[in-house]
Amino acid sequence: MNRRNFIQMAGIAAGFSATSFSVLARAGEILPKKGRRVVVVGGGYGGTIVSKYIRMSDPSIEVVMIERNKTFVSCPFSNLVIGGSRDLKDNMITYDKLAEKHGIQVVYDEVTGIDVAAKQVKVGAGTISYDRLVLSPGIDFRFDELEGYDPVETPKYMPHAWKAGEQTLRLRKQLVDMADGGTVVLSVPVTPFRCPPGPYERISQIAWHLKNHKPKSKIIVLDANPDIVSKGPLFKKAWEKHYKGMIEFHASNKVTKVDHKAMSVDTGVEEVKGAVINVVPPQKAGAVAYMAGVVGEDKKWCPVNQTTFESSIVPNVHVIGDACSAGAMPKSGYSANSQAKVCALNVVQLMNGKDPIPPSHVNVCYSYVTDKEAISVSAVYKVAEGKTIAVPNSGGVSPDLSELEGVYAHSWIKNILHEMSS
Amino acid sequence: MKPMGIAVIIGGCFMIQAPVWAESPSQAAMLSNTCAGCHGTNGSSAGPSMPTIAGMPETYLLETMKKFKSGERPSSIMGRLAKAYSDEEIKMMVDFFAKHPFGREKQEVDAAKVAIGKQIHNQRCKKCHMDEGRDSEDSGILAGQWKQYLQISMSDFRSGKRKMPEKMAEKVDGEGKLTPEEVEAVIHFYSSQQ
Ligand SMILES: Cc1cc2nc3c(=O)[nH]c(=O)nc-3n(C[C@H](O)[C@H](O)[C@H](O)COP(=O)(O)OP(=O)(O)OC[C@H]3O[C@@H](n4cnc5c(N)ncnc54)[C@H](O)[C@@H]3O)c2cc1C
């Protein structure tokens, strides 16, 4: 894409006339600031919402949202695609309406560098200046912790499908193509990772497919954690009820080595072969967090002020969503949505020279155990003495598996994707 | 130029295109925004089973949240959440949602059912659910509410899972007890309201 096209696109997305930008554009700087500006990196669960809520709370602040893809594919509900009861298209959103309705300037480009001293973000087409920067880049993978893992080749044979899209469809296809009686292997990394109940929902969805189409098959789960990480008793109940004898669950079995040619994984104690292997790799904050120098001492996640989500390391840079550490909150889409709103309100407060408002968060994660039955876990979070904690004596898991949970889960995905795209 | 001047130009330009509800940060917004992940931005749901809670009368919202909190009204999720909030916090959220408009979207309805439903509404329901279910103090808003949510509500009432107000029960289950088809018709009537 040449620069003119790029500027036109950005202009159209925000409902500006394209020429006004071409005239104003200085060398390198592609969208000169017109006033106070927040730049948001990432147009996923966190990025869309922080952009929208800043504009809703103070329309005098310019918002530029940078996202590499024109279509966002939601991870939530992608496990249903793998199980066969949902079309991946229903997980997709675009940004046109969001941009138009709220006056957000959407730039479709790859962020390749961040200069926190100059307060500039580098994209393929040039640089973009900010007063405050919000990063919601999601996750990247710690492939180096898996011996033999080739970041390019291995996912072609052993899809992770932990970023939804082509990987999701590949895993689905492999399951469909597998012969009845085949073994599916799924490995779960040590926490924290994106979506604590996600691997177990996926196991349920794979089992759902196998039960209906390949009943002689089985699933071997190698979980690096001492037990199921989230909603354990409910998942176990579901597996007992619907998939008895089909799922072999091995706790405290950490995969340390993979061989995509031999289609095997290794725990250091045992080598396990599978016809389909879904390795969920260990994770870390998305690459842009490293570019901005906001990753903490653990070299994985970003420590932030729990009230404003401003980096504890670099001023004027905020981190939300999976990439940040937010106390007791799990890395989920709902958490990212909630953090984005808290961050938006307090960025606006800070930019207007006002005191931040004490945060309030909600997280609810629904997981499907069949095509219709679901379970849920929920909590409300507040900040106490600088830490994000779950409000005691509230929240918790659904009493049982139920179709009603599934009915509401369907509306949840509809509403949250609608929030992100309009 | 002062930043404010620019702000007005940018803001103004967008305001003409599509007015959005600009709301300065407040504790009420902080508490209420978190509900929107399920109930939709500012409380207007995109459906099909999650209820719209915007524009509801304060009395109804307040009573409902209290009933969720105490467990008096059964729920799949709201009881777990409501327990986390103090009465003052609930009051702030109630004020927030009550002042936003109830967003209505076009829903799929059956015209014949809507016509039957309208009659039933006029005969039995309109005394409390006034103005085709738009107006009331203590009985929520039915006009334009999502069909699947109303179906769940009515089935919870009729199965006894959720306690029906006595006077309403007289109209629903008393003399000339409504058939399931009649209940379905009146639901179509309410969800057809724009
Ligand atoms: C299988 C699975 C199931 C899940 N189910 C649920 C669920 O049911 N409920 C739930 O709440 N959560 C669920 N999650 C978790 C949820 O997907 C994440 O927590 C959520 O997406 C985090 O939001 P985010 O904004 O941090 O990142 P994302 O939503 O991933 O957004 C990051 C965006 O940044 C963009 N980006 C990154 N780097 C750059 C760059 N350098 N330049 C330009 N753009 C960039 C990416 O393209 C992406 O669009 C699930 C996850 C998985 C894997």
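Here the structure is a predicted model, which is why all the values come from computation and not from measurement. (Residues numbered from 1 in each chain as written. Chains lettered and ligands numbered in written order. Predicted model: local features only at pLDDT ≥ 70, side-chain atom pairs only at ≥ 80, totals over all residues. Heavy atoms only, no water.)

1. Details of empty space enclosed by the protein
In step 1: Scanning the model with the defined rule gives three cavities of 30 Å³ or more in all.
In step 2: There is about 690 Å³ of room inside the largest cavity.
In step 3: Surrounding the largest cavity, 37 residues form its lining, H39(B), P51(B), I53(B), F68(B) and M78(B) being those nearest its centre.
In step 4: A per-element tally of the lining of the largest cavity places helix α4 (residues 58–70) of chain B first, with five residues.
In step 5: Grouping the constituent residues of the lining of the largest cavity by class yields 25 nonpolar, eight polar and four charged.
In step 6: Two domains each put at least three residues into the lining of the largest cavity: domain 1 (27–98) and domain 2 (111–192) of chain B.
In step 7: Approximately 70 Å³ is the volume attributed to the second largest cavity.
In step 8: As for the second largest cavity, its lining consists of eleven residues, and the residues nearest its centre are Y53(A), M56(A), E23(B), A29(B) and N33(B).
In step 9: For the lining of the second largest cavity, the secondary structure elements donating two or more residues are α3 (47–57) of chain A together with α2 (27–33) of chain B. (1 Å grid on protein atoms, 1.4 Å probe; cavity = no way out; pocket = protein on both sides within 12 Å on 5 of 7 lines; lining within 4 Å. Points joined across faces, edges and corners; volume = space filled by probe spheres on them. Helix = DSSP H or I, 4+ residues; strand = E, 2+ residues; numbered from the N terminus. Nonpolar A, V, L, I, M, F, W, Y, C, P; charged D, E, K, R; others polar. Domains from an automatic or database assignment.)

2. Looking at the nonpolar core
Nonpolar side chains in soluble globular proteins tend to be buried together.
All names here are of chain A.
In step 1: Grouped together as the largest cluster of nonpolar side chains are 146 residues, with contacts concentrated most on L135 and V265.
In step 2: Once residues within four sequence positions are removed from consideration, L135 is found in contact with V41, I114, V288, A289, A292, V294, V317, H318, V319 and I320.
In step 3: Within the second largest apolar cluster, 29 residues are counted, among which are V184, A207, M246 and V369. (Core = buried A, V, L, I, M, F, W, Y, C linked by side-chain atoms within 4.5 Å. Buried < 20%, exposed > 50% of the residue type's maximum accessible area, 1.4 Å probe, protein only. Contact = heavy atoms within 4.5 Å.)

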